[in-house]
Amino acid sequence: MDEKRPRRRTIAVDMDGVLADTETHFIRYYEAESGVKVDKATLLGVPESQAFPDKTAVPRYVRTPGFFRTLPLINGGAEAIKILMEHFDVYIVSAAMEYPLSLFEKKQWLEEHFPFISWKYIVFCGDKSIIKTDYLIDDHLKNLDPFTGIPLLFTAAHNVHVNSHHRLNNWDEILKYFEMISRKL
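As the structure is a prediction and not an experimental result, all values here were calculated from the model. (Residues numbered from 1 in each chain as written. Predicted model: local features only at pLDDT ≥ 70, side-chain atom pairs only at ≥ 80, totals over all residues. Heavy atoms only, no water.)

A.B. asks: I'd like a rundown of the pairing of strand β1 (residues 10-14), residues and numbers included.
C.D. replies: Of all five residues in β1, five are buried, a share of seventy percent or more. Side-chain alternation along β1 places T10, A12 and D14 on one buried face and I11 and V13 on a second face that is also buried. Taken together, the three bridges between β1 and strand β4 (residues 135-138) define a ladder with parallel strand orientation. Directly across from I11, in β4, lies its bridge partner Y135. (Buried < 20%, exposed > 50% of the residue type's maximum accessible area, 1.4 Å probe, protein only. Helix = DSSP H or I, 4+ residues; strand = E, 2+ residues; numbered from the N terminus. Pairing = 2+ DSSP bridges.)

A.B. asks: I'd like to hear about the pattern of salt bridges, residue by residue, with values.
C.D. replies: Counted under the stated rule, the structure contains 12 salt bridges. Note that E31 and K37 form a salt bridge whose closest N and O atoms lie 3.8 Å from each other. K37 gets classed as exposed once you look at its relative accessible area, which sits at 72%. Here D54 ties to R60 by a salt bridge, and the two come within 3.6 Å at their closest N and O atoms. Among the charged side chains, a salt-bridge network with shared partners connects R7, R9 and D134. (Salt bridge = Lys/Arg side-chain N within 4 Å of Asp/Glu carboxyl O.)

A.B. asks: Give me the packing of aromatic side chains: which residues, what numbers.
C.D. replies: The geometry of an aromatic ring pair comes down to the distance between the two centres and the angle between the two planes. In this structure the tally under the stated criterion is 14 aromatic pairs. Relative to F52, the ring of Y30 lies with its centre 4.8 Å away and its plane at 25°, an arrangement referred to as stacked. Here Y30 is found in helix α1 (residues 22-34), whereas its partner F52 is found in the loop between α1 and α2 (57-61), with 22 residues between them in sequence. Given the relative accessible area of 6%, Y30 is considered buried. Residues F154 and W171 carry aromatic rings whose centres are separated by 6.0 Å and whose planes lie at 45° to one another, so their mutual orientation is tilted. Residue F154 is located in strand β5 (residues 150-154), and its partner W171 is located in helix α6 (residues 171-184); the two are separated by 17 residues in the primary sequence. W171 carries the same exposure label as F154, and that label is buried. Put simply, the rings of F26, Y29, Y61, F67, F68 and Y99 pair up and form one aromatic cluster. (Phe/Tyr/Trp six-rings, centres within 6.5 Å; stacked < 30°, edge-to-face > 60°.)

Here you go:
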């Protein structure tokens with residue numbers, strides 16, 4: 001008789017702002033373009049599109065060839081994903097359709113930094129409300145608010161004043177959260 005294996009819990013993980021350090025990248029691009037130094041503290045609580053004196057900067061950068069391909073990693077993300085994959089089905093989910101150049105660049109970026117993730121666990125979409133995993137780790141309310149599973153807010157400068165979702169500040173906290181969850185399952 002075949003015994004059914006229990007269903008593994010699923011986690012969707014956003015790319016930009018959760019695995020990829022868009023804040024640092026925006027600052028580097030802005031400083032290189034304008035010559036003006038930016039203190040990360042000035043970004044706190046400010047929407048990304050409004051974070052710099054030149055309000056056209058962020059929309060322009062995300063449409064610049066190479067921007068998504070050269071994003072730096074957020075500390076601890078790659079190692080944490082490997083650990084989570086031992087106990088959960090982990091999907092990388094990115095609303096990449098708004099910026100068509102980003103599709104191939106994000107795929108290349110994932111192949112470089114996360115070669116252990118199968119293409120079957122990568123979802124590029126337009127609207128994340130279609131995602132039906134058990135958990136979603138994201139830095140944007142527009143993705144977390146309509147989510148039907150358990151939304152987890154990853155701390156970013158633009159969301160520091162948000163209190164509407166369970167907040168996780170870094171990848172160490174994420175691992176501790178899921179370690180606690182695993183003990184309860």
